[in-house]
Structure formats: C-alpha cells, structure tokens
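Residue-level structural notes
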Amino acid sequence: MTPLSIKVCGMTEAENIREVEQLGVDMIGFIFYPKSPRCLCELPDYLPVHAKRVGVFVNENKENILMYADRFALDYIQLHGDESPEYCRSLCNNGLHLIKAFSISHPKDLMCTSAYKGLCDYYLFDTKTPQYGGSGNQFDWNLLYRYGGMTPFLLSGGINPYSTKAIKEFHHPKLAGIDINSRFETVPGQKDVERIKNFLQEIRNGETANK
C-alpha cells in the first residue's frame, strides 16, 4: 500500500511553516486568493525546503500565476476556481504542474473531470460551497467511487483530527493524498502543530499495519 501524501494548506507564518514541514508532510499550500482569510500577502522568512510548495489560485490571470510560481519557486499550481481545460493547457505549456480542484455534492459533479484528462498531475475533490473551498465541512466520499478516471486525486473538505478512521476505511485506486486546512488551526493561517503531528501518527500507523 502506497503511503498517502499529506498536504497542509493555507499556511502564512515562517516558524509555523518550518515546524509543520519538520513533521514530514509532503506538500505545503499557500493561498494567493485575496478574499481568503489565509491569503499569503508577503513572502515569509521561511519557505519549505523538503515539502513541495503548492500555490492556490482562484480564477487568476496567467501572468500573475507565472509571477508567483517564479517568486515562490512553486512545485504545483492548484486551481480552485472555474478555470477551463484550455487555460490549464496554457499553464502546462509554460512548464507548470497542476492540481485542479472540483467541488463535489452530486455524482454529476464528477463528470466534468474528463475534460481535464492529461492536463493535471492531481485532481482535488472538495466540498461544494458558495465560496471557493474552505467550508470546514465534509462531503459524501462515497460519491467518489463513481470516479473512474486515470488522474490521481487528493481528498479535501472538512478533514479533522477525528477523520482518521473514515480515511482508513475509504479505499479508491486513485486516492493519492489528504489535504488538511481549517480544522487544524488555532486561527486562520496558523496551524496547530501538535494536532497535525497526532493526526499523522494515526494515519501512518494505519498504513504500516495495512502493508
């Protein structure tokens, strides 16, 4: 069993970033959406060295994304808005690696993923909200058993310290990782390191036992 990747999203403060990275997470996400309470407005004094850097954008223009990708040395661009397949192809042609988010509440919400086939390293399945993510609520993961695409996906939306049992019981051949954010915070943008540490231990102990 391949260990699940762990992505911690919405980080803003240098020392907090350093401490979370030291836990051995795989990806750290930075939100560049001005309307988010976790928007990263300035370059922190520390950026991940071992964890992959993910920049999160919502309907942003290509020039700005390229600028942020260069300035922050981003490994992945996560698109959390209404970006078209053509837009994704344009970013791919500039050498960027993409994670495309899809909001899920009904089986039909999975149908649009096929248009992005071959354009993304990962999909990210999140809870459908009036905003763009960040609801803190979980959707019905059973809907994802209808997903038969080839692109691996990250699971997002309301995952909290008590989600480990449900995660261990959810098996899908394309599940690649878990994305955590608001349920592991003390305030928006500031993560509870001890809470994440305990969560990782529970998840990884289960993976070891299943091997």
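Residues numbered from 1 in each chain as written. Predicted model: local features only at pLDDT ≥ 70, side-chain atom pairs only at ≥ 80, totals over all residues. Heavy atoms only, no water.

**Section: the overall build of the protein**
Of the regular secondary structure elements, the protein holds 5 helices and 10 strands. Computed over its C-alpha atoms, the radius of gyration of the protein comes to 16 Å, within 12% of the 17 Å expected for a compact globule of 211 residues. Taking the principal axes of the C-alpha coordinates as reference, the protein spans close to 45 × 40 × 30 Å. In the protein, which comprises 211 residues, the share counted as buried stands at 53%. (Helix = DSSP H or I, 4+ residues; strand = E, 2+ residues; numbered from the N terminus. Rg over C-alpha atoms; globule rule 2.2 N^0.38 Å. Buried < 20%, exposed > 50% of the residue type's maximum accessible area, 1.4 Å probe, protein only.)

**So, the environment of Ile77**
Mapped onto the elements of the fold, Ile77 is located in strand E4 (residues 76-79). Between the C-alpha atom of Ile77 and that of Gly29, which follows or precedes it by 48 residues, the distance is 9.4 Å. Apart from the residues within four sequence positions on either side, Ile77 is in contact with Gly55, Phe57, Ile65, Ala69, Leu96, His97, Leu98 and Ile99. (Contact = heavy atoms within 4.5 Å.)

**Looking at the state of the cysteines**
Joining two cysteines, a disulfide is a covalent bond between their sulfur atoms. Here the structure, examined in full by the defined rule, presents 0 disulfides. Cys39 forms no disulfide, and the closest cysteine sulfur to it belongs to Cys41, at a distance of 4.4 Å. A relative accessible area of 18% means that Cys39 is categorised as buried. (Disulfide = S-S within 2.5 Å.)

**Focus on helix H2 (residues 62-71)**
Along an α-helix, a turn takes 3.6 residues, which lines up residues three or four apart on a common side. Regarding H2, the residues found buried are Ile65, Tyr68 and Ala69. Seen from one end, H2 has its buried residues packed into an arc of 100°, which puts them on one side. Facing away from the buried side of H2, by more than 90 degrees, are the exposed residues Glu63 and Asp70. Packing partners of the buried residues in H2 comprise strand E3 (52-57), E4 and helix H3 (85-92). Two or three places before Glu63, at the opening of H2, Asn61 has a side-chain oxygen 3.2 Å from that residue's backbone nitrogen. A positive phi of about 50° marks Ala73, the residue just after H2. (Arc of directions from axis to C-beta. Polar contact = N/O pair within 3.5 Å; in protein donor to acceptor, adjacent residues only side chain to side chain.)

**A few points about the pattern of salt bridges**
If charged atoms from side chains of opposite charge come close, those side chains can pair. Under the criterion given, the structure shown has 9 salt bridges. For Lys128, the salt bridge is made with Asp109, and the minimal N-O distance between the two is 3.0 Å. One end of the pair, Lys128, is in the loop between strand E6 (122-127) and strand E7 (153-155); the other, Asp109, is in the loop between strand E5 (98-104) and E6, and 19 residues separate them in sequence. One network of salt bridges, in which partners are shared, links Arg38, Glu185 and Lys191. (Salt bridge = Lys/Arg side-chain N within 4 Å of Asp/Glu carboxyl O.)

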